[in-house]
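Structure assessment
As a plain string of letters, each chain reads:
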Amino acid sequence: MRSPVTDYLGAVLRSCIDDGDEGEVATYIPELAAVDPDRFAVALCTIDGTVYAAGDAEHRFTIQSMSKPFAYALALADRGLEAVLEHVGVEPSGDAFNEISLEDNGRPRNPMINIGAITTHALTGPPDATAEESTARVIEGLSAFAGRQLEVDQQVYASERATSDRNMALAYLVRARGKLEDAPGDAVDGYTAQCSLVVDVRDLAVMAMTLAAGGRNPVTGEQVVPAWVCRQVLSVMATCGMYDAAGDWMSHVGMPAKSGVSGGVLASLPGQVGIGTFSPRLDRFGNSVRGVRACERLSSDMGLHLMQTPEVASHVLYGVVDPDDDGDRMREVKLQGVMHFAAAEVALRELERIPEGDEPIVLDLSRVSSANAVGRLMLREGVRRLERDGHAVRVDDPDGVLDD
Ligand code: GLU
């Protein structure tokens, strides 16, 4: 059987093409201006590493600003949150991507604009890493996110480096404020190489899914960065990822995302899906017109908006068995689903109704699929309190969801 998902992606592309061809290809890096503006592709990666793609999925392009969240992830993993926050903030700037956006203490406002991304590049690798070692770390790290060895497009690199006066100026400014670890020329060299790594939409989807899967690449199985790093990166992507259109994007599409001037967009929905799109015509904010359109469509068709209220806690109780008078049947509380705060709270309320005494109780967790830390804590505490009240509690937990 041919997958309906692939056909669906093809239909999304066609409907986005039908909606027109507005936008302009970026020309400020000469080599980018040469691209065919009609190229269009989309890919989607699931949490188990299945990748679906449609359109010009084989077409390769430079990653540009979409490299920024991943370099930020590597810096966090290598240096820790505190050290990175000392150098780069997490506030949306409201300025263009290449603005001088510094806080009063000299920190670039966030790692998704150039001034913050150049600073972040120099924070990758161990604290004593040379500029070359940081760049090698970024190439190796982004390759691990993609699940294949990525290469620098030397022509784009040379083209951008020859026209990077503005990025050089930004680097000198942060260096003067004591926040840039490397010499400005070295940091801009490395950052430009980072932006010139070549990817396709499948790579973007896998990289996005790796962030959405707590740092584990779903294709290779490699834990690329720790889960806490992904939470930090996705938060910054949600507020600062789409240049000046971050608010518009978040309300319409509702996924942490990052775009780049080459025409790519990547979006990550935690625990569910990674998306990559490519179409070089950009809107006035620098985001791909058709890429944004495709993501809007995917989000609304597939219910991917992060802020959409999930179904919570309504079916936590699978069943409650009351004891009979002659003691043949024990009281049983049977739970189901995922035990997070809201679900465990419903369960605790059911346990609270049990009168004090020594009647035996069965807490049946055999239909509970998983529990997070607070869900585990709350259920364990419920059991502890029932026992304190005098009950003998038997917990049926065949899958060990209450184990750490
Ligand atoms: N390498 C580009 C620059 O620094 C990245 C810009 C972008 O994709 O937004 O100008």
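Residues numbered from 1 in each chain as written. Predicted model: local features only at pLDDT ≥ 70, side-chain atom pairs only at ≥ 80, totals over all residues. Heavy atoms only, no water.

Re the pattern of salt bridges
Going through the model one piece at a time under the given rule, you end up with 23 salt bridges. For Arg166, the salt bridge goes to Glu99, with nearest N and O atoms at 3.5 Å. Separated by 67 residues along the polypeptide, Arg166 in helix α7 (residues 165-176) and Glu99 in the loop between α3 (81-87) and α4 (114-121) bring together distant segments of the chain. We classify Glu99 as partly exposed; its relative accessible area is 31%. Note that Arg384 is salt-bridged to Glu381, the shortest N-O span being 2.9 Å. Taken together, the positions of Arg384 and Glu381, both in helix α14 (residues 373-388) and 3 residues apart, correspond to about one turn of that helix. (Salt bridge = Lys/Arg side-chain N within 4 Å of Asp/Glu carboxyl O. Helix = DSSP H or I, 4+ residues; strand = E, 2+ residues; numbered from the N terminus. Buried < 20%, exposed > 50% of the residue type's maximum accessible area, 1.4 Å probe, protein only.)

A closer look at the sheet that holds strand β2 (residues 41-46)
Within a sheet, adjacent strands bond to each other through the backbone by hydrogen bonds, running parallel or antiparallel. Pairing within the open sheet is antiparallel, and its 5 strands lie in the order β3-β2-β8-β7-β6. Across the chains shown, the open sheet's two edge strands, defined by having one partner strand only, are β3 (51-55) and β6 (257-259). When strand polarity is set aside, the average angle formed by the axes of neighbouring strands in this sheet is 10 degrees. Here strand β7 (residues 264-269) runs beside strand β8 (residues 273-278); their pairing, made up of 6 bridges, is antiparallel. Pairing of Leu266 across the sheet is with Gly276, part of β8. (Pairing = 2+ DSSP bridges. Axes fitted to C-alpha atoms, helices over the stretch in contact; angles between N-to-C directions.)

Some points on the site of the ligand
Around the ligand, the surrounding shell consists of Tyr28, Gln64, Ser65, Phe97, Asn114, Glu160, Asn167, Tyr191, Cys195, Tyr243, Gly260 and Val261. Taking Asn114, its side chain carries an N or O atom lying 2.9 Å from an oxygen atom of the ligand. Tyr191 places a polar side-chain atom, nitrogen or oxygen, 2.7 Å from an oxygen atom of the ligand. Here the shell around the ligand is built from residues that sort into 6 nonpolar, 5 polar and 1 charged. (Near = heavy atom within 4 Å. Polar contact = N/O pair within 3.5 Å; in protein donor to acceptor, adjacent residues only side chain to side chain. Nonpolar A, V, L, I, M, F, W, Y, C, P; charged D, E, K, R; others polar.)

Here's the deal with the environment of Cys230
Looking at where Cys230 falls in the secondary structure, it is placed in helix α10 (residues 227-240). Between the C-alpha atom of Cys230 and that of Tyr72, which follows or precedes it by 158 residues, the distance is 9.8 Å. For Cys230, the residues in contact, after removing those within four places along its chain, are Thr210, Leu211, Gly214, Gly215 and Val225. (Contact = heavy atoms within 4.5 Å.)

Structural notes on the nonpolar core
The biggest cluster of nonpolar side chains holds 47 residues, and the ones touching the most others in it are Leu142, Phe145, Leu211, Val225 and Val233. Contributing elements (two or more residues each) for this core: β2, α2 (68-79), α5 (131-146), α9 (201-212) and α10. With 9 residues, the single largest contributor to this core is α9. Grouped together as the second largest cluster of nonpolar side chains are 23 residues, Leu44, Leu269, Val292 and Leu304 included. (Core = buried A, V, L, I, M, F, W, Y, C linked by side-chain atoms within 4.5 Å.)

Here's the deal with the state of the cysteines
Applying the stated criterion across every chain yields a total of 0 disulfides. Here Cys16 stays free of any disulfide, with the sulfur of Cys295 as its closest cysteine sulfur at 8.8 Å. Looking at Cys16, the relative accessible area reads 0%, which means it is buried. Considering cysteine sulfurs only, Cys45 is the nearest to Cys230, which forms no disulfide, with 14 Å between them. Cys230 gets classed as buried once you look at its relative accessible area, which sits at 2%. (Disulfide = S-S within 2.5 Å.)

Description of the sheet that holds strand β13 (residues 393-396)
The strand order across the open sheet built from 4 strands is β10-β11-β12-β13, with neighbouring strands paired in mixed fashion. Since the sheet does not close on itself, it has two edges, and those belong to β10 (317-321) and β13, each with one partner. Within the sheet, the average angular offset between the axes of one strand and its neighbour, ignoring direction, is 15 degrees. Of the strand pairs in this sheet, β10 and strand β11 (residues 331-339) are connected by 4 bridges, and their pairing is antiparallel. By the bridge assignment, Leu317 is partnered in β11 with Leu335. Of the strands in this sheet, β10, β11 and β12 (361-371) are in contact with helix α13 (residues 341-352), which crosses β11 at around 170 degrees.

Re unusual backbone geometry
Backbone geometry follows two general trends: most residues other than glycine have a negative phi, and most peptide bonds adopt the trans configuration. Despite not being glycine, Gln64 has its phi angle at roughly 45 degrees, a positive value. Relative to the elements of secondary structure, Gln64 occurs in the loop between β4 (61-62) and α2.

A few points about the packing of aromatic side chains
Using the criterion set out here, one finds 3 aromatic pairs in the structure. Positioned above the aromatic ring of Tyr318 is the side chain of Arg367, whose terminal nitrogen or guanidinium carbon lies 3.8 Å from the ring centre. (Phe/Tyr/Trp six-rings, centres within 6.5 Å; stacked < 30°, edge-to-face > 60°. Lys NZ or Arg CZ within 6 Å of the ring centre and 35° of its normal.)

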